[in-house]
Amino acid sequence: MQLRRLRSLVFLVSLLGLVAPAMFAEQAISVTVDATGIRSKLLRTHLVIPVKPGPLTLYYPKWIPGEHGPDGPIGNLTGLKFEADGKTIPWQRDLLDVFTFHVEIPRGASQLNASYDYIEPDGGSVTDKLMVLEWNEVVLYPADIPAEKLTYQAKLLIPDEWKFGTALPVESESGNQVSFKPISLDLLVDSPVVAGEFYRTIDLTPPGEPVHHEINMVADSEAALNISPENQKQMINLVAESGKLFGARHYRDYHFLLALSDHVAHFGLEHHESNDSRMAERALLSPGSGMSLGGLLAHEFAHSWSGKFRRPADLTTPDYEHPMKTDLLWGYEGMTDYVGPMLAARSGLWTPEQYHEYLAGIAATLGPGRPGRTWRPLLDTAVGEPGLGFGRSGWLNWRRGTDYYEEGDLLWLEVATIIHRESGGKKSVDDFCQAFYGGPNRGPEVKPYTFDELVGALNAIAPFDWATFLHERLNSTSAEAPVGGIENGGWKVTFNGEPPKSEGRRGGPGDIYSIGLQVASDGTVTDSIVGSPAFEAGISSQMKIIGVNGRMFTQDLLSDAIKSAKDTSKPITLLLVVDDYFRTCTINYHGGPRYPHLLRDDTRPNYLDELIKPRAATQ
Ligand SMILES: [Zn+2]
């Protein structure tokens, strides 16, 4: 009990910055990651930690920044062994926390050696030709010291002939070994490395821009790296437009790390000085390449300001063991989800029509596609993120999921139009961004904010009852999506039978706004809107459609059935498999296909398009 009390006192004091955490601040922890056997899906790590005799607690990172939950992949940590003075040291896992290990350092020992392996899961970060190394997966760190106070000296061994890219400052390179400059644990974890056989770097620094930007791409084939000159120019525009929007940068240089493979997980993860983005192998070769780059990379890039530099105070934790409170994710992610597509449109990665269709898509998803709004407000989708966020399948319309992204997008668009209105056209969301995300470039820095500080910053740009407005939007259980921003911008959401030319980044429209089903290509119902004609006919999530009007299911056949039912009183008949029983359902729907679009409202100025016009002079 005394020891525990002492430890918490040391932690409190070190948090206050009154006492330097002596041992680890003075001497770097050495971490060597051997990825030469990565084709066998194993990363071998060796850690040398300066220690003194007595009990020592080590953590494996649990709460991962940007993932907003306690999802560190502890299950993949294997082969763990400790040794000091040539002797094996036994370890115990904490009885209440699988991420915590306890060891007793023997008298006379000054170094603890730890060795362990990380098993790369299938569909994770590695293929035969490339890897993305996330340092949180391969480090242990001593308890009770803030991550920014711990220094790591990192080394990485990669397969022969592979090349690498990262924002981590390099000290030296020799053969296939890279030594990085000593760096704090928080910046190490914030700086992933891409490496691969097929590798390409392109400078994305706009003319006159003092801070260097580049894209480091790895792929499963040489051909996949063939980004078009047009997309390169648009990416340079993106960098230029970010400078105009925020008026400041908070990094030494910036690396877009892009992995192109059909065998890695597809997502993006933000960092201060880089982003770890992963797309399909041929994403850059497809006609939708600009849409893909704009949808993912612009969002992750905008996070360098929104989320990394300005971070909700409740998400700003001293290490990876302390839980995060996620109630301000509608700021962290919502603002980024608004700014990312806006920058994609300003830079030309998206056309104005694609931006309109994207907004129509999310407005529809959050309106008729989300009856769960009537019981679960936006704020709760943020608060419930750890445990209720990513990775759930089925019943999304009724559960709700990570809606603080898209609903945050609509919310911040509305904020942008209110700033314009309340300031009589004198101020814009750009002024807010420059005030809130601006300031001198001191490298990767965190400046936390609270709800009240956010409201204060909005009031400084355009006086308005922002607190009431935000509380109303955050706690609303209205069935209607908050489309005030679209309408203030001079447009309306409408539905008609014409399919959109391109789909939005997430939740693309389909049959969901007609009969109320989202159906995969094999007939599996991925969602059935509660209260829709299909739901009322007895169809729900995870059932499988195998027949349409007496014929074997295809998506085209289902679309045809919806169209032809418009001119008849006959129901649509679907044959389903439920568990291992057949079920026939008849849907009485005669409204034809319905797809969301934005329609211009000529009674109001077109401010929406004003917001996505380029600001930078490079175009
Ligand atoms: Zn994000």
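What counts as what
- For every chain, the first residue of the written sequence is number 1, and numbering continues from 1 onward in sequence order.
- In view of the model being predicted, local features appear only for residues whose pLDDT reaches at least 70, and side-chain atom pairs are presented and counted only at 80 or more, with totals across whole chains, interfaces and linings using the full set of residues.
- For the side-chain quantities, the full set of heavy atoms in the structure was used; hydrogens and water were omitted.
- Think of it this way: any DSSP run of H or I at least four residues long counts as a helix, any run of E at least two long counts as a strand, and we number them from the N terminus.
- As a reference, a globule follows 2.2 Å times the number of residues to the power 0.38, and the radius of gyration itself is taken over C-alpha atoms.
- Under the scheme applied here, a residue whose accessible area is under 20% of the maximum for its type counts as buried, over 50% as exposed, and between as partly exposed, the area being computed with a 1.4 Å probe on protein chains only.
- In this analysis, two residues are considered to be in contact whenever any of their non-hydrogen atoms come within 4.5 Å of each other.
- Note on areas: these come from Shrake-Rupley sampling with a 1.4 Å probe, and a residue is covered only by the protein chains present in the view.
- By the counting rule applied here, Lys and Arg register as positive and Asp and Glu as negative, while His and the ends of each chain are not counted.
- Where a charge lies is defined by one atom per residue type, namely NZ (Lys), CZ (Arg), CG (Asp) and CD (Glu).
- Pairs of N or O atoms are called polar contacts if they sit within 3.5 Å, as long as, within protein, a hydrogen donor faces a hydrogen acceptor (for residues adjacent in sequence, only side-chain-to-side-chain pairs).
- Definition of nonpolar core: a set of buried residues of the types Ala, Val, Leu, Ile, Met, Phe, Trp, Tyr and Cys, connected through side-chain atoms within 4.5 Å.
- One less than the residue count of a helix, multiplied by 1.5 Å, gives the span that helix is expected to have.
- With water omitted from the atoms examined, metal sites may look incomplete; donors here are N, O and S atoms no farther than 2.8 Å from the metal, or 3.2 Å in the case of Na, K and Ca.
- Stacked, tilted and edge-to-face pairs are distinguished by plane angle, under 30 degrees for stacked and over 60 for edge-to-face with tilted covering the rest, among Phe, Tyr and Trp rings (Trp via its six-membered ring) whose centres lie within 6.5 Å.
- Note that patches include only residues with greater than 30% relative accessible area and no salt bridge, and the join distances are 9 Å for like charges and 5 Å for nonpolar side chains (Val, Leu, Ile, Met, Phe, Trp, Tyr).
- Salt bridges are defined by distance alone: a side-chain nitrogen of Lys or Arg within 4 Å of a carboxyl oxygen of Asp or Glu.
- A pair of strands is labelled paired if DSSP reports no fewer than 2 bridges between them.
- Fitted lines through C-alpha atoms serve as axes, helices being fitted only where they are in contact, and the angles separating the N-to-C directions of these axes extend from 0 to 180 degrees.

**As for the overall build of the chain**
Scanning the chain from N- to C-terminus turns up 18 helices and 31 strands. For 619 residues, the compact-globule estimate of 2.2 N^0.38 gives 25 Å, and the C-alpha radius of gyration of the chain, at 26 Å, lies within 12% of that figure. With the C-alpha coordinates aligned to their principal axes, the bounding extent of the chain is approximately 90 × 65 × 55 Å. A buried classification covers 56% of the 619 residues belonging to the chain. Taking contacts inside the chain between residues at least 6 apart in sequence as the whole, the part at least 24 apart equals 72%. On the chain, roughly 25300 Å² of surface is accessible, and the fraction owed to carbon and sulfur atoms is 52%. Taking the 56 positively charged and 78 negatively charged side chains of the chain as two groups, their mean positions are separated by 2 Å.

**With respect to the side chain of N397**
Within the element layout of this structure, N397 appears in helix α10 (residues 396-399). Separated by 2.9 Å, the side chain of N397 and the backbone oxygen of S528 make a polar contact. In this structure, N397 is in contact with G369, R370, P371, G372, D527, S528, I529 and V530, ignoring residues within four places of it in sequence.

**Let's talk about the nonpolar core**
In this structure, F256, W330, Y338, L359, W412 and F432 are the most contacted members of the largest nonpolar core, which totals 93 residues. Broken down by element, this core gets its largest block of residues, ten residues, from helix α6 (residues 329-347). Ignoring sequence-local partners within four residues, the contact set of L359 consists of D409, L410, L413, I486, L598 and L608. Y59, V139, A143 and L150 belong to the second largest nonpolar core, which has 57 residues in total.

**With respect to helix α11 (residues 406-422)**
In this model α11 runs 24 Å from its N-terminal to its C-terminal C-alpha over 17 residues, within 8% of the 24 Å that 1.5 Å per residue would give. Along α11, 14 of the 17 residues are buried, which leaves the element largely enclosed by surrounding structure. Looking at the residues trailing α11, positive phi occurs at G424, about 60°.

**Regarding the coordination of the zinc ion**
The protein atoms donating to the zinc ion are H299 (NE2), H303 (NE2) and E333 (OE), with metal-donor distances spanning 2.0 to 2.1 Å. Between consecutive donor residues of the zinc ion, the sequence gaps follow H-x3-H-x29-E. With a gap of 30 residues between them, H303 in the loop between α5 (289-302) and β22 (310-312) and E333 in helix α6 connect regions that are remote in the sequence. By the burial criterion, H303 is buried, and E333 matches it.

**What about the environment of F164?**
Within the fold, F164 resides in strand β12 (residues 163-166). The class of F164 is buried, set by a relative accessible area of 16%. What F164 contacts, discounting residues up to four positions off in sequence, is I158, V170, E173, V178, F180, V193, V194, A195 and Y199.

**Brief notes about the environment of V218**
Inspection of the secondary structure puts V218 in strand β18 (residues 213-219). Overall, the relative accessible area of 0% leaves V218 in the buried class. For the pair V218 and I49, spaced 169 residues apart in sequence, the C-alpha to C-alpha distance is 33 Å. Discounting chain neighbours no more than four positions away, the residues touching V218 are L130, V194, A195, G196, F198, Y199, L225, L258, A259 and L260.

**Describing the packing of aromatic side chains**
Applying the stated rule across the entire model yields 27 aromatic pairs. A centroid spacing of 5.1 Å and a plane angle of 75° characterise the contact between F301 and W305, whose relative ring orientation is edge-to-face. Both residues of the pair, F301 and W305, count as buried. On the basis of an interplanar angle of 85° and a centroid distance of 6.4 Å, the ring pair of F432 and Y437 is categorised as edge-to-face.

**As for a nonpolar patch on the surface**
Together, W375, W395 and W398 line one region of the surface with nonpolar side chains, adding up to about 320 Å² of accessible area. Along the chain, W398 turns up in helix α10.

**Quick look at the sheet that holds strand β27 (residues 544-548)**
Spatial ordering of the open sheet is given by β28-β27-β29-β30, a layout of four strands whose pairing is antiparallel. Pairing within the sheet leaves two strands with one partner each, and these edge strands are β28 (551-552) and β30 (581-587). Of the strand pairs in this sheet, β27 and β28 are connected by two bridges, and their pairing is antiparallel. If you follow V548 over to β28, its bridge partner there is R551.

**Observations regarding the environment of A479**
Residue position: A479 is located in the loop between α14 (466-475) and α15 (484-488). On the basis of relative accessibility, which here comes to 41%, the residue A479 falls in the partly exposed class. Note: C-alpha distance between A479 and G367 (112 residues apart in sequence) is 6.4 Å. Excluding its chain neighbours within four sequence positions, the residues that come into contact with A479 are L366, G367, R373 and T374.

**Let's talk about α6**
With 19 residues, α6 extends 26 Å between its outermost C-alpha atoms, agreeing within 8% with the 27 Å of an ideal straight helix rising 1.5 Å per residue. Burial analysis of α6 places 19 of its 19 residues in the buried class, the great majority of the element. Count one or two residues on from α6 and you reach G348, which has phi positive near 90°.

**Focus on the pattern of salt bridges**
Counted by the stated rule, this structure contains 22 salt bridges. Between D430 and R615 there is a salt bridge, and its shortest N-O distance comes to 3.7 Å. Separated by 185 residues along the polypeptide, D430 in helix α12 (residues 429-437) and R615 in the segment after α18 (607-611) bring together distant segments of the chain. Bridged by salt links that share partners, the residues R370, R373, R400, D403 and E407 form one connected network.

**Thoughts on the sheet that holds strand β19 (residues 254-260)**
Adjacent strands of a sheet form backbone hydrogen bonds with each other and so pair up, either parallel or antiparallel. If you trace the five strands from one edge of the open sheet to the other, you get β17-β18-β19-β21-β20, paired in mixed fashion. Only two strands of the sheet have a single partner each, and these edge strands are β17 (198-203) and β20 (268-270). Recorded for the sheet is a direction-independent mean angle of 15° between the axes of neighbouring strands. Of the strand pairs in this sheet, β17 and β18 are connected by six bridges, and their pairing is antiparallel. Across the sheet, residue I202 finds its bridge partner in β18, namely I215.

**With respect to the side chain of N216**
By the secondary structure assignment, N216 is in strand β18. Judged by relative accessible area, N216 falls into the buried class, the value being 0%. There is a polar contact of 3.3 Å between the side chain of N216 and the side chain of Y199. Here N216 is in contact with G165, T166, V194, Y199, R200, T201, H255, F256, L257 and L258, once residues within four sequence places are set aside.

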